[in-house]
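Here's the letter readout for the chains.
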Amino acid sequence: LMDNQPEEDHLLDINMPDKRYKNKMLCLIIFTIILAILSIVFIILYVTEKTKNGSDKSEGDPLSLWNDCPLKTKLVEFVKKVVNKEDQAFVREENRIAVFDFDGTLFQETDPVYTDYKLFKYRVLDDADYKDKATEDQIKVAREIEAVMNGTLSSFPDGLDLRHARANAQIFKDMTIEETDAYTKKFLQEPAEGYNNLLRGDAFYRPMIEVVNYLKANNFTVYIVSGSDRFTVRSAVEGKLNVPKHNIIGSEAIVVASHQGDTDGFDYTFKTNEDVLINKGELVVKNLYMNKVHHIIREIGQTPLLSFGNSNGDSSMANYVISNKQHEGLAFMLLCDDTDRENGNIEKANSFKAKCDENGWISVSMRDDWKTIYGYEVTRKK
């Protein structure tokens, strides 16, 4: 037995290093897990602190297509204040609302007329499937638009915007929402008449896309409040701009069920697997001037913090925003002063600049403030 004892001790000594190795590995694994947890906690605390004291999205240059200008300076300063919980100007996320006009603010306005005017003119005068069905009133409006496009008329006749809205509601009568959407998108896939390397549907102002993305990154809710037809704007925006359909407000035509006929909606029930939604061909409202404010309070329910527009049709919306009694509001207005890269009008821009100064709106020069409009590859035809 005594002879065997050293051998047993020797065997025990052989196993000891293996146990020590396993213990070391276990300690290393536990240490690694603790380190990973601490790293995650640190990252969460860092992000939380950055969010509290100014959005992390403001780092770098989120408005890289802008030159140094009042909008860039004031907008960035404004956003940093309203997202900072330590600042007196802090605004809760549910109250961070920005409203944008569409034509001339986010999207090309004149080439040489509004895109929805060109769509109307094409439908009434050039579409072989519809032009023989067009009414006299529709043809008259289309001819006026055509005269502005070819230079016979130097400006829109008085009252054309409302007469166009009424006639425009009729051109897709009895078509489904899906058919109208497909028709519009096909039209937008054609080249923009006055530009090289640009499709009609791609004519978004790149610097303004940056503004939308910047605000959304800082937890603003963005709405488009347009004078154009709501469904036309939805078709144009889809896949191009990060604004959902339910945040798009515009002029409206009556929508009914396909089997509803002249029955009032109060007395009709939508039929499952039979009905689809169609355009009745009657205008509800032209969403310009004070009507924009009406739609904002009806569909949004509160005064926005920021307004972006470009014309007198946006004046009420801008004034409503800067009269915000709960929080500071800012209104920005684009000036059509670029005659090289865009179909601008200096006289109109100067006149509107004076109105901006008078009303406390911050003016934006497309010529001086933007590094590009549609992208560097796009040029205007001379």
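For the structure, see preceding data.
Residues numbered from 1 in each chain as written. Predicted model: local features only at pLDDT ≥ 70, side-chain atom pairs only at ≥ 80, totals over all residues. Heavy atoms only, no water.

Draft legend 1. The pattern of salt bridges, seen in detail. What the rule picks out here adds up to 27 salt bridges. Close ionic contact of E238 with K185 constitutes a salt bridge, the shortest N to O distance being 2.6 Å. With E238 in the loop between α8 (230-237) and β4 (248-257) and K185 in helix α6 (residues 177-188), this residue pair connects regions lying 53 residues apart in the sequence. Taken together, the shared-partner salt bridges in this structure form one network comprising D111, K118, E193 and R200. (Salt bridge = Lys/Arg side-chain N within 4 Å of Asp/Glu carboxyl O. Helix = DSSP H or I, 4+ residues; strand = E, 2+ residues; numbered from the N terminus.)

Draft legend 2. The arrangement of the pairing of strand β7 (residues 330-335) in detail. Counting buried positions along β7 yields six of six residues, so the element is predominantly enclosed. Residues L330, F332 and L334 line one face of β7 and the alternating positions A331, M333 and L335 line the opposite face, and both faces are buried. With four bridges connecting them, strand β6 (residues 306-309) and β7 associate as parallel partners. Bridged to S307 within β7 is A331. Two elements, β7 and strand β8 (residues 362-365), share four bridges in a ladder whose sense is parallel. Residue L334 lies in a different strand from β8, and its bridge partner there is V364. In this region the chain leaves β7, passes through helix α11 (residues 346-359) and returns to the parallel neighbour β8; the handedness of that crossover is right-handed. (Buried < 20%, exposed > 50% of the residue type's maximum accessible area, 1.4 Å probe, protein only. Pairing = 2+ DSSP bridges. Right-handed = clockwise from strand over helix to strand, strands pointing away.)

Purely geometric numbers; function is a separate question.
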